[in-house]
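Residue strings, one per chain:
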Amino acid sequence: MSAKEYRTAASAQGGLLTVRGAHGIAFGDRVQIRDHRNRQRNGQVIRAGVDEVLVQVFEGTEDIDLESTWVRFLDQPLEMALSPEILGRIFNGLGEPKDGRPPIVSSLRRSVSAGAINPAARTYPREFIQTGVSTIDGLNSLVRGQKLPIFSASGLPHNRLAAQIVRQAKLVDEESHFSIVFAAMGVSYSDAQFFQEEFASSGVLGNVTMFVNLADDPPVERLALPRVALTAAEYLAFDLDRHVLVVMTDMTNYAEALREVATAKGDVPARKGYPGYLYSDLAEIYERSGRIKDRHGSVTLVPVVSMPSDDITHPIPDLTGYITEGQIVLSRDLHARGIYPPVHISPSLSRLMKDGVGKDFTREDHPRVAAQLYALYARALETRNLASIIGADELSERDRRYLTFADEFDRRFVGQGEDEDRSIVETLNVAWELLSMFPKDALTRVSETDIAKYYHGGGA
Amino acid sequence: MSEKVKVGRIQEINGPIVTVELAGLRNGEQVRIGEIGLVGEVIALDGPRALVQAYESTEGVRPGEPVRGLGHPLAVELGPGLLGSIFDGVQRPLATIFSQSGDSIPRGLDIPSLDRGKRWAFTPNDALELGTTIAGGSILGTVQETGAIEHRILVPPLLSGELTELAPAGEYALDDAIGRLRTPDGQTHKLFLYHRWPVRTARPYLRRDHAVEPLITGQRILDTFFPLLKGGKAAVPGPFGAGKTVVQQQVARWSNADIVIYVGCGERGNELVDVLETFPELHDPYTGRRMMERTLLVANTSNMPVVAREASIYVGVTLAEYFRDQGYDVVMLADSTSRWAEALREVAGRLGEMPVEEGYPAYLASRLAAFYERAGRVKTLAEKTGSVSLIGAVSPPGGDFSEPVTSHTKEIIQTFWALSKELADARHYPAIDWTSSFSAHVSSAARWWAENIDPAWEAKRAEALKLLARDAELARIVNLVGPEALSSAQRWELEAAALVKEGVLQQSALDAVDTFASPQKQFLLLDLILTIYEKGADLVQIGVPVQELVGLPLLARARRLKQVYGSEQITDLQAFMDEIRAEFDRIRLEYAKFQEHAAT
Ligand SMILES: Nc1ncnc2c1ncn2[C@@H]1O[C@H](COP(=O)(O)OP(=O)(O)OP(=O)(O)O)[C@@H](O)[C@H]1O
Ligand SMILES: [Mg+2]
């Protein structure tokens, strides 16, 4: 089958182009548009009728002159050319080179909208990844094949944390490196630059594939970008047997682009103007991470989601949380107190931690230490709250101990250097120093054996 | 199928919604779309046109391609081979598809739900005599499907007549006839080990019975505080990460149902893998058999096509009713009904239907009610007793329980296990909030507990809830005026409430010992902790300083009891009761001596 070309564009609005008289065009097909100034744009068929076709134009539909625009239907889906050469390269949201170098030449091209992974083909992710960050490793561990977003907000150091994770992530007993897929949607030039310099200075640039759509690049392209990037990630993981860490930033920009197009299409909005299918759309992206039976590689996904007005119940973080396997939540309060990384552990969670830590993976006391720290911190935060109402002087001695614990915990466990790469044992040691502030009887989540082995407090 | 296949043409493709020109289709009819043969279903008729929703991605399909109407609605295959399997939202066998087609699910597959090659050892029902009239739903014989479950082969519910042939014991494949039946109009029907049933039609039964017996789940906050009866309906609402899936998986693991149907409806792939990988290793505490032998999974994960998600809960509940009709107690878990409702909304939106609240169509509430109505304890057509308990997770946007799906569901169900973000953030698991949860089954459950465990159950339960309510009240006072304002008795109440929370309510699904607690253990733990509370309160009353009680090592031990002693170590728990009594008697005595001393 071959490409067909038409000059019958009937309307162009909000990134959508209607073409009349095009017959037998397949749903989802790739489209090239040449406007009156001979500039090329790209698109995809999102509604295919007998004689009217609706095309989503990735570069937008601004100043398209309908009369003199050529629309070419390529008779193929949106695809990405794949070869090991993609490492070390920079592409745009459609997988076209953005680094001034020639396109990837390969006979292997894959449609970017992969079919859903058969659940029966998956294996459960359970290999602990040491990120060197205590709040993650100790309390919300990341495992290979997990999708674990960073929930952040404007002005918080999510980029620095993401970069630190990329720099430090490793498996405990394996000298294997992650290949990195970096997907940037609507980020500022300086943020993109920050990551590029990070990758360069840590010497991993040759092991990174970047997909970049800047804040002033066409928003509609952001809809294709994560799918293109994940197609590359899956290729690296499941064809080339690599462990791939995908960092996506910022999913909020992605969802906003989706809303823009949905509104133009006249889709029924659900919450805050976002279309009802935002959940399914995000799930199509996030669920592409994982491990697959009999495959060596894996796709681990760390998306950055900024919470509009710091609101975790906003549809974008909310729906993300409903899909991903936990979340690392950054706090403006900790940040204001100068604590880096400002991870607020209470709303943070890793659902896959349960099978990735403990005796065979990290250390036998790890899951119980985590539960104990959480229990104490929850109580400590209540106490801190109480102290702010009635004054610390009114607290009992027992309560004051919790208050000190909260401060020490924030300072020593949460806080660490941006270059500080703590081993899991170091993280657990800090944890036991903090636990040892309490009498043994207050530690009911750890076992008596744990206490005998690791407790070194003075209390009875 | 003998019905004539109708063929038409595609007019338009709009995501999963396809307009076709084909007269004579019926609403709900199954179709095959395009050259590739995607499976779909008719959802609206408009003269010679029909709107069809595809259960698979329509990428690459073109207007002008053919569409075939199959003449029947979405139906499931019911027979041996269901248990231990994983199906997608329209009952395609995912493990088979994986072994035939690899990592992702190819489109347009035509593959039977149940394995046709496998032969099953069939034992005919001795009680049946040839020539007698048998009714739909009668038991023709049995197949020992798994070690745990005897599969009872049923006459299709709507068929009845004279039994003219019944195969002898032997090995049969699903397509081998195992009997014949002549209907009153003289037609002869072959009977097989399996039959089909349309998923959107509830299966018939003789009559509904009252639910009487609690579904024991081994989870204290559920069984002891907010019980569900076999045949009841429950909802588990909660924000993301609060523990809906864990609650449902715990019920799937530890409940005393005969059959468990777990429907992953628009949720994570890895959660189903978790069940698939762990259940074969776990043992059913009641039968000792492997848990997978009584379990069946329906998986339409969040990244799978939305339309099949809408179908998946009907597939699940039809499978549940089928096992009920064999005389089993079935529990079906749907995670999450919100994703099902969203699928409904998405389709309604594409049809241009008028949205009423948050984009949902007006019929949301009635569809939800109709779904839950399929729960119940019944006398089956074969005069056996069976039940379907339905437990649906609800995922309210932003954790807001006033949204449409949660609020409508709340009107329908009898048991409400409300998860709270605050409790989950504090790692109080299960994060079921005792103030907003409820059960309409407490008095029925109380009869069972009184007969089987202890007559004091209802009173103890009430006492614990009262203590928790006092705790909330006192916490408010502390937050206003500080802890110094509390009396000694009130401080002891706070301490005791903390004990109830930690020692009874909190129960880690991840703790090897505490993950399951027998009713006996549940009652004992509650009794022990309330005894500490009462004895302590007595001492505080006579003037023993509360600090002395709060510092007792006994309290730390009481907090750990749940994970130290398993359900089989009842005598150790009973021995602890003696220790409590001895310890408090000792303090009373010491205090009396001390006072005597002070007096002299
Ligand atoms: N009873 C429990 N014991 C131990 N951990 C629990 C328990 N309940 C919940 N958790 C913890 O909470 C995490 C989140 O629970 P779960 O996955 O069930 O949430 P959910 O409500 O289903 O969220 P979502 O709506 O996003 O699916 C679990 O991964 C586990 O770590
Ligand atoms: Mg869940």
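In this text, all values refer to a predicted model and were calculated from it rather than measured experimentally.

Asks: I keep staring at the site of ligand 1 and nothing clicks. Help me out?
Replies: Near ligand 1 you find 19 residues, and of these R351 of chain A together with K244, T245, V246 and R268 of chain B are the closest. With respect to ligand 1, the chains having nearby residues are chains A and B. In this structure, T245 of chain B approaches ligand 1 through a side-chain N or O atom, which is 2.7 Å from an oxygen atom. At 3.4 Å, a side-chain N or O of E267 of chain B approaches an oxygen atom of ligand 1. Computed on the free molecule, ligand 1 has an accessible area of 630 Å², of which 94% lies beneath the protein chains in the complex. Those elements that place two or more of their residues in the shell around ligand 1 are α7 (315–323) of chain A together with α3 (244–254) of chain B.

Asks: I would appreciate a short explanation of the pairing of strand β25 (residues 376–379) of chain B in the present structure.
Replies: Working note: regular strand, side chains alternate between the two faces of the sheet. Residue and element names in this part refer to chain B. The pairing of strand β18 (residues 207–209) with β25 spans three bridges and is antiparallel. Bridge pairing in β25 links D209 to R377. Looking at chain direction, β25 and strand β26 (residues 385–394) are connected through four bridges and run antiparallel. Each residue of the ladder has a partner; that of R377, found in β26, is S387. Linking β25 back to β26 in an antiparallel pair, the connection comprises five residues, with E383 at a positive phi of about 60°.

Asks: Which parts of the structure should I look at to understand the interface of chain B and chain A?
Replies: When the parts of a complex come together, some accessible area is lost, and that lost area is often used as the size of the interface. Between chain B and chain A, the residue contacts involve 78 residues of the former and 79 residues of the latter. Our count for the chain B to chain A interface comes out at six salt bridges. For R62 of chain B, the salt bridge identified is with D75 of chain A, shortest N-O distance 2.7 Å. On inspection of chain B and its partner chain A, the count reaches 34 residue pairs in polar contact (both at pLDDT 80 or more). Among the elements that make up the side of chain B that touches chain A, the one with the highest residue count is helix α4 (residues 269–278) of chain B (seven residues). Residues that form the side of chain B that touches chain A fall into these classes: 30 nonpolar, 23 polar and 25 charged.

Asks: It is not clear to me how a nonpolar patch on the surface should be interpreted in this structure. Could you clarify?
Replies: Residues I477, L480 and V481 of chain B make up a contiguous nonpolar surface patch of roughly 290 Å² in combined accessible area. Structurally, V481 of chain B can be placed in helix α11 (residues 457–481).

Asks: Got a minute to help me understand the pattern of salt bridges in this structure?
Replies: Side chains that differ in charge, positive against negative, can pair when their charged atoms come close. Residues and elements named next belong to chain A. For the structure shown, the criterion picks out 88 salt bridges over all chains. E408 serves as the salt-bridge partner of R411, at 3.3 Å between the closest nitrogen and oxygen. Note that R411 and E408 are positioned in helix α11 (residues 397–414) at a spacing of three residues, about one turn of the helix. A residue is classified by how much of its surface remains accessible, and R411, at 53% relative accessible area, is exposed. Judged by relative accessible area, E408 falls into the buried class, the value being 19%. Salt bridges here are not isolated pairs; linked through shared partners, they connect D333, R337, R384, D407 and D410.

Asks: What should I look at first to understand the packing of aromatic side chains in this one?
Replies: Any pair of aromatic rings gets described here by the distance separating the centres and the angle formed by the planes. All names here are of chain B. With the rule as written, the count across this model stands at 26 aromatic pairs over all chains. For the ring pair F122 and Y172, a centre distance of 6.0 Å and an interplane angle of 80° mean the geometry is edge-to-face. Of this pair, F122 sits in strand β9 (residues 119–124) while Y172 is found in strand β14 (residues 170–173), placing the two residues 50 residues apart along the sequence. Using a relative accessible area of 1% as the deciding quantity, one classes F122 as buried. Stacked on the ring of Y194, the Lys or Arg R116 has its end atom at 4.7 Å from the ring centre. The ring of Y360 carries the charged tip of R345 above its face, separated from the ring centre by 4.5 Å.

Asks: Just to check I follow, could you spell out the domain arrangement of chain B for this structure?
Replies: All names here are of chain B. We note that the domain assignment places domain 1 (6–73), domain 2 (115–193), domain 3 (207–436) and domain 4 (457–599) within chain B. On a C-alpha basis, the centroid separation for the pair domain 2 and domain 3 is 32 Å. With 13 residues of domain 2 at the interface, the matching set in domain 3 holds 14 residues. Surface buried jointly by domain 2 and domain 3 totals about 1200 Å² across both partners, of which 61% is contributed by carbon and sulfur atoms. On the domain 2 side of the contact with domain 3, I149, R152 and L154 bury the most area, a combined 42% of that side's loss. The interface formed by domain 2 and domain 3 includes zero salt bridges. At the boundary of domain 2 with domain 3, the tally comes to seven residue pairs in polar contact (both at pLDDT 80 or more). Among the elements that take part in the side of domain 2 that touches domain 3, strand β12 (residues 150–154) stands out by supplying four residues, more than any other. Residue classes in the side of domain 2 that touches domain 3 are distributed as five nonpolar, six polar and two charged.

Asks: Would you mind showing me how to read the domain arrangement of chain A here?
Replies: What the domain assignment lists for chain A is domain 1 (5–77), domain 2 (80–354) and domain 3 (366–454). Of note, the centres of domain 1 of chain A and domain 3 of chain A, computed from C-alpha atoms alone, are 60 Å apart.

Asks: How do you make sense of the sheet that holds strand β12 (residues 128–130) of chain A when you look at a structure like this?
Replies: One key point about sheets: their strands pair by backbone hydrogen bonds, in either a parallel or an antiparallel sense. Residue and element names in this part refer to chain A. An order of β13-β12-β15 is seen for the three strands of this open sheet, with the pairing classed as antiparallel. With partners counted over all chains shown, the strands left at the sheet margins are β13 (142–143) and β15 (170–171), one partner each. Across two bridges, the pairing between β12 and β13 is antiparallel. Across the sheet, residue F128 finds its bridge partner in β13, namely V143.

Asks: Which parts of the structure should I look at to understand the packing of helix α5 (residues 306–324) of chain B against helix α6 (residues 337–350) of chain B?
Replies: All names here are of chain B. Two elements in contact, α5 and α6, have axes whose closest approach is 8 Å; the angle formed by their N-to-C orientations is 130°. Taken together, the axes of α5 and α6 lie oblique to each other. By crossing handedness, the relation of α5 to α6 is classed as left-handed. Across the interface between the two elements, V306, V307, R309, E310, I313 and Y314 from α5 touch R339, W340, A343, L344, E346 and V347 from α6. Taken together, the residues of the contact of α5 with α6 sort by class into eight nonpolar, no polar and four charged.

Asks: What exactly am I supposed to notice about the nonpolar core here?
Replies: A general tendency of soluble globular proteins is for nonpolar side chains to be buried together. Residues and elements named next belong to chain B. Of all hydrophobic cores here, the largest spans 82 residues; its most connected members are I391, W417 and L549. Counting residues per element, this core draws most heavily on helix α13 (residues 519–541), at ten residues. Discounting residues that sit within four places of it in the chain, I391 has contacts with L228, A234, V236, Q248, V251, V331, M332, L333, A334 and W417. In this structure, I139, V307, A311 and M332 belong to the second largest nonpolar core, which totals 76 residues.

Asks: What is the right way to read the sheet that holds strand β11 (residues 139–144) of chain B from this model?
Replies: Residue and element names in this part refer to chain B. Strand order across the open sheet formed by four strands is β12-β11-β9-β14, with antiparallel pairing between neighbours. If you trace the sheet from one side to the other, it starts and ends with β12 and β14, each paired once. For this sheet the average axis-to-axis angle between neighbouring strands, irrespective of direction, equals 45°. Looking at chain direction, β11 and β12 are connected through five bridges and run antiparallel. The residue bridging Q144 from the neighbouring strand is E150, located in β12.

Asks: How should I be thinking about the environment of L245 of chain A in this particular structure?
Replies: Residues and elements named next belong to chain A. Examined against the element boundaries, L245 turns out to sit in strand β18 (residues 243–249). Residue classification places L245 among the buried positions, given a relative accessible area of 1%. A C-alpha to C-alpha distance of 17 Å links L245 and N140, two positions 105 residues apart in sequence. Look past the residues within four positions of L245 in its chain and what remains in contact with it is I165, V166, A169, F178, S179, I180, V181, T300 and V302.

Parameters and conventions
- Residues numbered from 1 in each chain as written.
- Chains lettered and ligands numbered in written order.
- Predicted model: local features only at pLDDT ≥ 70, side-chain atom pairs only at ≥ 80, totals over all residues.
- Heavy atoms only, no water.
- Near = heavy atom within 4 Å.
- Polar contact = N/O pair within 3.5 Å; in protein donor to acceptor, adjacent residues only side chain to side chain.
- Areas by Shrake-Rupley, 256 points an atom, 1.4 Å probe, with all protein chains shown as cover.
- Helix = DSSP H or I, 4+ residues; strand = E, 2+ residues; numbered from the N terminus.
- Pairing = 2+ DSSP bridges.
- Contact = heavy atoms within 4.5 Å.
- Salt bridge = Lys/Arg side-chain N within 4 Å of Asp/Glu carboxyl O.
- Nonpolar A, V, L, I, M, F, W, Y, C, P; charged D, E, K, R; others polar.
- Patch = residues over 30% accessible without salt bridge, like charges linked within 9 Å, V, L, I, M, F, W, Y side chains within 5 Å.
- Buried < 20%, exposed > 50% of the residue type's maximum accessible area, 1.4 Å probe, protein only.
- Phe/Tyr/Trp six-rings, centres within 6.5 Å; stacked < 30°, edge-to-face > 60°.
- Lys NZ or Arg CZ within 6 Å of the ring centre and 35° of its normal.
- Domains from an automatic or database assignment.
- Buried area = accessible area lost by both parts, 1.4 Å probe.
- Axes fitted to C-alpha atoms, helices over the stretch in contact; angles between N-to-C directions.
- Parallel < 35°, antiparallel > 145°, perpendicular 65-115°, else oblique.
- Left-handed = near helix turned anticlockwise from the far one by under 90°.
- Core = buried A, V, L, I, M, F, W, Y, C linked by side-chain atoms within 4.5 Å.

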